[in-house]
Amino acid sequence: METVVSGIRPTGFLHLGNYFGALRNFIKMQDEANCFFFIADYHSLTTHPKGSELNTHIKNVLIDYLAAGLDPDKSTLYVQSDLPETAELYLLLNMLAYLGELERCVSFKEKVRKHPDNVNAGLLTYPVLQAADILIHNADKVPVGKDQLQHLEMARDFAQRFNHIYETEYFKLPVAYNFGNELIKIPGLDGSTKMSKSDNEASCVYLSDAPETIRKKVMKAVSDSGPTEPHQEKPQAIENLFQLMQAVSTSETLQFFEEQYNTCQIRYGDMKKQLAEDIIAFTTPIYEKILELRSNDTYLRSVAQKGAEKAHESASKTVRQVREIIGVRSI
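A quick note: this is a predicted structure, and the numbers were derived from the prediction, not measured.

Things to note about the side chain of D278
Part 1 of the argument: Note on placement: D278 falls in helix α13 (residues 268-293).
Part 2 of the argument: No salt bridge is formed by the buried D278; its nearest oppositely charged neighbour, R215, is found at 11 Å.
Part 3 of the argument: A polar atom in the side chain of D278 sits 2.6 Å from the side chain of S249.
Part 4 of the argument: Among the polar contacts listed, one links the side chain of D278 to the side chain of Q274, at a separation of 3.0 Å.
Part 5 of the argument: Not counting residues within four places of it along the chain, the set of residues in contact with D278 comprises V248, S249 and T253.

Printed below as a string of structure tokens:
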């Protein structure tokens, strides 16, 4: 059985972008692979260094994981910081990562631009920690969104470099897993190309949003005065609305509004109302499960503890063998 690894940062509630970019594949894979899905709290500290709300965010992400359909009896669900072996492998892999390749990483450049007052070493070595998360379980496949593909390539580079330097074939070269479908990147309601819980909460539709909240957010989504000629190219904000509709609505609904746009008859108010109702229909089963889980702390703690124990079995074996390969061992 192949091993699959992936995680999500606990910087807020999970949203539609997280679902379509990651969770949807997580749920499919747990029935056919050995899955490790973690909550990446170490990663969140690179941009959210104050930990006052970290525990709450970790709990909320675990709830969202479970409500969306992840089963702790099928998958290993754990918190990144509960696995100290990851930090050790991160340290060892840093010795194989070159400054130039880290500085050229697209996500690092974006974070520097967005957070010029917090350009920390963790941001620079973020891909190395992500590689450690993947390689600690010697993953075969990693379900990632489009914005994380470069990080996966870097994980493959580090694994290959380790194998070459130490003349071994220990690490597998993990590949992206998307079930043959195009990786989906869900845009924001603010006209941005990515729905991000870290940057603009108003642009996100959270899995835990109540129906009325969803309606308000969608109706405030950025649009324009409409096309002025048939088959006009869509501006980014309008393309976002159609991409969201493609994800949650029926093909007939999408086709109707495409025709309305191409014939310059579209009414964005009508489109947003339909989009909001389709999102609500999609998220309601998850939302109801979230409400149920929020009051069950005992169950949530047991899931996290069970996951940490299962993850440790895999990770401790990897670190022990990597130490032996490198020559780092007790006297």
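What to know about the environment of P10
Part 1 of the argument: Structurally, P10 can be placed in the loop between β1 (3-8) and α1 (16-29).
Part 2 of the argument: Residue classification places P10 among the buried residues on the basis of a relative accessible area of 1%.
Part 3 of the argument: Taking the C-alpha atoms as reference points, P10 and L54, separated by 44 residues in sequence, lie 7.2 Å from one another.
Part 4 of the argument: Residues within four places of P10 in sequence aside, it is in contact with I39, A40, D41, S44, L54, H57, I58 and V61.

A closer look at the nonpolar core
Generally speaking, nonpolar side chains in soluble globular proteins are found buried as a group.
Part 1 of the argument: L23, F26 and Y65 are the most contacted members of the largest nonpolar core, which has 60 residues in total.
Part 2 of the argument: Setting aside anything within four residues of it in sequence, one finds L23 in contact with I8, L14, N18, Y65, A68, L70 and L207.
Part 3 of the argument: Among the nonpolar cores identified, the runner-up in size contains 37 residues, and A40, Y78, C105 and V319 belong to it.

Comments concerning helix α12 (residues 251-262)
Part 1 of the argument: Relative to the 16 Å expected for 12 residues at 1.5 Å per residue, α12 spans 16 Å between its end C-alpha atoms, a close match to the ideal helical length.
Part 2 of the argument: Immediately beyond the C-terminal end of α12, within one or two residues, lies C264, with a positive phi of roughly 60°.

Regarding the packing of helix α4 (residues 84-94) against helix α14 (residues 297-326)
Part 1 of the argument: As a packed pair, α4 and α14 sit with axes 9 Å apart at the nearest point and diverge in direction by 30°. Considering their axes alone, α4 and α14 lie roughly parallel with respect to each other. Like other packed secondary-structure pairs, α4 and α14 cross with a definite hand, here left-handed. Contacts between α4 and α14 involve E85, E88, L89 and L92 from the former and H312, A315, S316, V319, V322, R323 and I326 from the latter.
Part 2 of the argument: Of the residues contributing to the contact of α4 with α14, the split by class is six nonpolar, two polar and three charged.

Looking at unusual backbone geometry
Part 1 of the argument: Backbone geometry places N138, a non-glycine residue, at a positive phi of 50°.
Part 2 of the argument: Considering the arrangement of structural elements, one finds N138 in the loop between α8 (126-135) and β4 (141-142).
Part 3 of the argument: Notably, H231 is not glycine yet its phi reads approximately 55°, a positive angle.
Part 4 of the argument: Inspection of the secondary structure assignment puts H231 in the loop between α10 (211-219) and α11 (236-248).
Part 5 of the argument: What makes H231 exposed here is its relative accessible area of 62%.

Description of the packing of helix α3 (residues 54-68) against α14
Part 1 of the argument: One can describe the packing of α3 onto α14 by two numbers: an axis separation of 11 Å at closest approach and a directional angle of 85°. Viewed along their axes, α3 and α14 adopt a mutual orientation that is roughly perpendicular. Side by side, α3 and α14 meet where K59, L62, I63 and L66 of the first sit next to D297, Y299, L300, V303 and A304 of the second.
Part 2 of the argument: Along the lines of polarity and charge, the residues of the contact of α3 with α14 split into seven nonpolar, no polar and two charged.

Comments concerning the side chain of S249
Part 1 of the argument: Position of S249 among the secondary structure elements: in the loop between α11 and α12.
Part 2 of the argument: S249 sits in the buried class, given a relative accessible area of 13%.

Structural notes on the environment of V319
Part 1 of the argument: Its location among the elements puts V319 in helix α14.
Part 2 of the argument: Judged by its relative accessible area of 8%, V319 is buried.
Part 3 of the argument: Ignoring anything within four residues of it in the chain, the contact list for V319 reads E85, E88 and I136.

Details of the pattern of salt bridges
Part 1 of the argument: Enumeration according to the criterion identifies 14 salt bridges in this entry.
Part 2 of the argument: For D297, the salt bridge goes to K59, with nearest N and O atoms at 2.8 Å. Within this pair, whereas D297 is found in helix α14, its partner K59 is found in helix α3, the two being separated by 238 residues in sequence.
Part 3 of the argument: Look at D297 and you get partly exposed, because its relative accessible area is 33%.
Part 4 of the argument: Looking at K59, the relative accessible area reads 31%, which means it is partly exposed.
Part 5 of the argument: One salt bridge in this structure joins K234 and E258, with 3.0 Å as the shortest N-O distance. Of this pair, K234 sits in the loop between α10 and α11 while E258 is found in helix α12, placing the two residues 24 residues apart along the sequence.
Part 6 of the argument: Linked through salt bridges whose partners overlap, the residues forming this network are E212, R215 and E277.

The rules behind each value
Think of each chain on its own: its residues are numbered from 1, step by step along the sequence as written. The predicted origin of the model limits local features to residues at a pLDDT of at least 70 and limits the giving and counting of side-chain atom pairs to 80 or more, whereas totals for whole chains, interfaces and linings rest on all residues. Excluding hydrogens and water, the side-chain figures rest on all heavy atoms present in the structure. A run of H or I in DSSP becomes a helix once it reaches four residues, and a run of E becomes a strand once it reaches two; helices and strands are each numbered from the N terminus. Accessibility here uses a 1.4 Å probe with only protein chains present; expressed as a share of the type maximum, an area under 20% marks a residue as buried, one over 50% as exposed, and anything in between as partly exposed. Charge counting follows a simple rule: Lys and Arg are positive, Asp and Glu are negative, and His as well as the terminal groups are ignored. Whenever Lys or Arg places a side-chain nitrogen within 4 Å of a carboxyl oxygen from Asp or Glu, that contact is recorded as a salt bridge. Here a polar contact means two N or O atoms within 3.5 Å. Within protein one must be a hydrogen donor candidate and the other an acceptor candidate, and residues neighboring in sequence count only if both atoms are side-chain atoms. Residue contacts are defined here by distance: any two heavy atoms, one from each residue, within 4.5 Å place the two residues in contact. Nonpolar cores are built from buried Ala, Val, Leu, Ile, Met, Phe, Trp, Tyr and Cys residues. Side-chain atoms within 4.5 Å join them into one set. The span expected for a helix works out to 1.5 Å for each residue beyond the first. Axis definition: a line fitted to C-alpha atoms, limited for helices to the stretch in contact. Angles are taken between N-to-C directions and run from 0 to 180 degrees. In this scheme, roughly parallel covers angles under 35 degrees and roughly antiparallel covers those over 145, while 65 to 115 is roughly perpendicular and the rest are oblique. Crossing handedness is defined as follows: a turn of the near helix away from the far one that is anticlockwise and smaller than a right angle gives a left-handed crossing, while the clockwise case is right-handed. In this classification, Asp, Glu, Lys and Arg are treated as charged, Ala, Val, Leu, Ile, Met, Phe, Trp, Tyr, Cys and Pro as nonpolar, and every other residue, Gly included, as polar.

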